[in-house]
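# Structural overview
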Amino acid sequence: MLSIENVTKTYRGRACSLPVLTRVNQEVRRGELCALTGASGSRKTTLMNLIGLLDQPDEGTIRLDGTDTAALRDDATAALRNRLFGFVFQAFHLLPRLSARDNVALPLLYRGMGKVERRALAATALERVGLAARAGHHPEEMSGGQRQRVAVARAIVGNPPLLLADEPTGNLDSQAADDIMALFLTLNGEHGVTVVIVTHDPTIAARCPRRIVMRAGRVRDDNRGALRDAVCLL
Ligand SMILES: Nc1ncnc2c1ncn2[C@@H]1O[C@H](COP(=O)(O)OP(=O)(O)OP(=O)(O)O)[C@@H](O)[C@H]1O
Ligand SMILES: [Mg+2]
């Protein structure tokens with residue numbers, strides 16, 4: 001599904017340059033549920049941005065479904081990003097002027113889908129996150145946990161095979177965090193969605209069969225999903 005080969009990245013400022021990723025090699029297989037952990041500043045977000053085609057490496061190759069992403073033109077990159085990924089961020093990133101339904105439908109607009117179909121798919125996605133009754137509400141009328149569920153609905157509305165979540169529970173209390181994690185577990189377990197979650201929360205990481213630990217721009221540890229069976233038995 002996703003392969004990262006020898007990826008290196010340096011942020012270049014006017015006065016100095018900062019090497020941020022050093023020869024990262026990683027593979028995520030279809031259907032995995034993967035936690036990406038590590039101290040603050042260990043470059044987790046940098047790596048997620050590269051995987052999600054929001055940024056490019058200086059060296060190395062990122063392949064998605066076998067496609068070398070460096071070879072793609074901008075429009076092809078945007079189309080691939082829209083088709084393959086759902087994104088969930090710590091700060092929700094909902095548009096305040098839009099209802100939950102319209103926020104959720106937004107990725108479909110970029111696909112050129114008609115309004116009736118967009119609304120129908122948005123309603124289905126909101127139902128999957130338990131917010132069907134809130135479709136007409138605006139983000140400011142919702143709790144943090146509900147906003148994040150809207151963001152999850154937006155991420156899954158186009159049925160992407162891969163969900164990338166960067167500290168999705170970072171702004172939530174433990175109950176709301178639990179609800180979001182339960183959604184990820186269902187999406188992964190019942191719908192086969194591959195999920196990568198950046199998290200500082202050990203209880204979230206503990207529920208992911210695969211755990212990758214980063215330190216200072218390198219992968220320090222990777223259980224390669226060895227605990228999958230053990231976790232499934234819990
Ligand atoms: N656009 C940028 N230009 C220059 N430096 C950057 C840029 N983005 C991030 N950095 C630096 O890269 C380093 C890694 O940042 P990154 O956000 O990837 O870490 P992180 O593991 O996600 O941290 P956190 O857990 O706090 O979110 C930091 O030192 C940061 O200051
Ligand atoms: Mg980060």
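Look up a bit, the structure's there.
Residues numbered from 1 in each chain as written. Chains lettered and ligands numbered in written order. Predicted model: local features only at pLDDT ≥ 70, side-chain atom pairs only at ≥ 80, totals over all residues.

## Looking at the site of ligand 1
Our working definition: Only the C-beta atom matters for nearness: placed from the backbone, it must lie within 6 Å of the molecule or strand for the residue to count as near. Helix and strand definitions here come from DSSP, where helices need a minimum of 4 consecutive H or I residues and strands a minimum of 2 consecutive E residues; each element is numbered from the N-terminal end. Classification convention: Asp, Glu, Lys, Arg as charged; Ala, Val, Leu, Ile, Met, Phe, Trp, Tyr, Cys, Pro as nonpolar; all other residues, Gly among them, as polar.
Close to ligand 1 lie Tyr-11, Leu-18, Val-20, Gly-38, Ser-40, Gly-41, Ser-42, Arg-43, Lys-44, Thr-45 and Thr-46, which account for all nearby residues. The biggest single contributor to the shell around ligand 1 is helix 1 (residues 44–51), with three residues. In terms of residue class, the shell around ligand 1 is made up of three nonpolar, six polar and two charged.

## Digging into unusual backbone geometry
Note the cut-off: Here the C-beta atoms are placed from the backbone, and a residue counts as buried if at least 20 other C-beta atoms lie within 10 Å of its own, exposed if 12 or fewer do, and partly exposed otherwise.
The backbone of His-93 sits at a positive phi, close to 55°, despite the residue not being glycine. Tracing the chain through its elements places His-93 in the loop between strand 6 (85–89) and helix 3 (100–109). For His-93, a count of 13 C-beta atoms within 10 Å translates into the label partly exposed. One non-glycine residue, Asn-159, adopts positive backbone phi at about 55°.

## Some details on the packing of helix 3 against helix 4 (residues 115–128)
This is how it is decided: Every axis corresponds to a line fitted to the C-alpha atoms, with the helix fit spanning only the stretch in contact, and the corresponding angles, defined between N-to-C directions, vary from 0 to 180 degrees. Working definition: roughly parallel below 35 degrees, roughly antiparallel above 145 degrees, roughly perpendicular at 65 to 115 degrees, and oblique for all remaining angles. What makes a crossing left-handed is the near helix being turned counterclockwise from the far one by less than a right angle; a clockwise turn instead makes it right-handed. Two residues qualify as being in contact provided that their C-beta atoms, derived from the backbone, are within 7 Å of each other.
Axis separation between helix 3 and helix 4 bottoms out at 8 Å; the angle between their running directions is 120°. Here helix 4 runs oblique to helix 3, going by the angle between their axes. The chirality of how helix 3 crosses helix 4 is right-handed. Along its contact with helix 3, which presents Ala-100, Arg-101, Val-104, Ala-105, Leu-108 and Leu-109, the element helix 4 presents Arg-118, Arg-119, Leu-121, Ala-122, Ala-123, Ala-125 and Leu-126. Counted by class, the contact of helix 3 with helix 4 contains 10 nonpolar, no polar and three charged residues.

## What about helix 6 (residues 174–191)?
For the record, the criterion: The span expected for a helix works out to 1.5 Å for each residue beyond the first. Arc definition: directions from the helix axis to the C-beta atoms.
With 18 residues, helix 6 should cover 26 Å at 1.5 Å per step; its first-to-last C-alpha distance of 25 Å lies within 8% of that length. Taken together, the buried positions of helix 6 are Ala-177, Ile-180, Met-181, Leu-183, Phe-184 and Leu-187. Each buried residue of helix 6 lies within a common arc of 150° when the element is viewed along its axis, so the set occupies one face. Exposed side of helix 6, more than 90 degrees from the buried face: Ser-174, Gln-175, Ala-182 and Glu-190 are the residues found there. Tucked inside the fold, the buried residues of helix 6 contact helix 5 (144–156), strand 7 (162–166), strand 8 (194–198) and helix 7 (202–206). The first or second residue beyond helix 6 is Gly-192, which carries a positive phi of 70°.

## Describing the sheet that holds strand 5 (residues 67–68)
Pairing between the strands of a sheet comes from backbone hydrogen bonds, and it takes one of two forms, parallel or antiparallel. Selection criterion: Should DSSP find at least two bridges between two strands, the strands are regarded as paired.
Read from one edge of the open sheet, four strands run 2-1-4-5, paired in antiparallel fashion. Each edge of the sheet is formed by a strand with only one pairing partner; in this case those strands are strand 2 (17–28) and strand 5. Taken together, the five bridges between strand 1 (residues 2–12) and strand 4 (residues 59–64) define a ladder with antiparallel strand orientation. The residue of strand 4 that forms the bridge with Ser-3 is Arg-63.

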